[in-house]
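The residues making up each chain are set out below.
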Amino acid sequence: MFHLLILGGTTEANILAKAVSDQGVAATYSYAGRVDNPRPQPLPTRVGGFGGAQGLARYIRDHGISHVVDATHPFAAQMSRNAATACAETGTPLAALTRPAWGAQEGDRWHHVPDIPAAVAALSGPPKRVFLAVGRMHLEDFSAQPQHHYLLRLVDAPTALPLPDCDVVVSRGPFTVEGDTALMERHGTELVVSKNAGGTGARAKLDAARALGLAVLMIDRPAMPERVELATVPQVLNWLAHA
Ligand SMILES: NC(=O)c1ccc[n+]([C@@H]2O[C@H](COP(=O)([O-])OP(=O)(O)OC[C@H]3O[C@@H](n4cnc5c(N)ncnc54)[C@H](OP(=O)(O)O)[C@@H]3O)[C@@H](O)[C@H]2O)c1
């Protein structure tokens, strides 16, 4: 029996879910459960971790999963590693729906760092007004540089924050260049910290930073396991038809 598991939590996963649903393909969409009200999907949806690679392998067996598409965020490296391990162990075809990394353009002032700890280290120095656009999960790490004023943009209103001096904007995106330019002007942003997520949904802040002549601390992508990588939803549908 055919049953696709989509590891989701991204715009690309949502587009795939719609396409799969439109085609009447049997599929389940999986959220990690990081946000309070995940977007409803046109597919049966499950929420929460599987319990590591072994837990995912068990889920695959117990639920008769025949194919897995890893459409998680390019920084969700643990989930991607678990998917590769579990699919190898269970003999389940796996493909990743990926998006190209962003590249600097003329006028960009990007400084690359390999990971979050390196971004934290690069923030040592005098206080600045920093747009820390890295999501909620790693804010604790930046408490090692409490001298800055941080602007945070989060999907859910936070209950407590590890940063002593910050403004929070609650918004889910997608964002526009005009909106992000106005946001950074309003907050007197001097530096943007961004993950190299790729895609269109979060790109606006980089275009706004260029327009405003602001430096960007760009966190490069983590290494991913070896797997089939596909760039578009039609490619995934074609892979599903043949894998
Ligand atoms: N990292 C980002 O910047 C970012 C940005 C936007 C959206 N997201 C989305 O947020 C979710 C979590 O990202 P992350 O970076 O925290 O992941 P991660 O560090 O790679 O994963 C940590 C653990 O969270 C669980 N998990 C992650 N994605 C899952 C999914 N789609 N379904 C079920 N369990 C999942 C797994 O738990 P178990 O080991 O218990 O299975 C995984 O081991 C992903 O769905 C991702 O697409 C992440």
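Structure's up top.
Residues numbered from 1 in each chain as written. Predicted model: local features only at pLDDT ≥ 70, side-chain atom pairs only at ≥ 80, totals over all residues. Heavy atoms only, no water.

Colleague: Account for the sheet that holds strand S9 (residues 166-170), with residues named and values stated.
Modeller: Sheet architecture is open: six strands sit in the order S6-S11-S10-S7-S8-S9, paired in parallel fashion. Looking along the sheet, the strands with just one partner apiece sit at the ends: strand S6 (109-113) and S9. This sheet shows a mean twist of 20° between the axes of neighbouring strands, independent of strand direction. Strand direction decides the pairing type here: strand S8 (residues 149-154) and S9, joined by five bridges, are parallel. Bridging from a neighbouring strand, leucine 154 pairs with valine 170 of S9. Together, strand S7 (129-133), S8, S9 and strand S10 (191-195) form the strand contacts of helix H5 (residues 177-186), whose direction differs from that of S8 by roughly 150°. (Pairing = 2+ DSSP bridges. Helix = DSSP H or I, 4+ residues; strand = E, 2+ residues; numbered from the N terminus. Axes fitted to C-alpha atoms, helices over the stretch in contact; angles between N-to-C directions. Contact = heavy atoms within 4.5 Å.)

Colleague: I'd love a proper account of the pairing of S7, names of residues and values included.
Modeller: Of all five residues that make up S7, four are buried, and the element is covered over most of its length. When S7 meets S8, the two strands line up parallel, connected through four bridges. Bridging across to S8, arginine 129 finds its partner in histidine 149. As paired strands, S7 and S10 are joined by four bridges and run parallel to one another. Looking across to S10, one finds that phenylalanine 131 is bridged to valine 192. (Buried < 20%, exposed > 50% of the residue type's maximum accessible area, 1.4 Å probe, protein only.)

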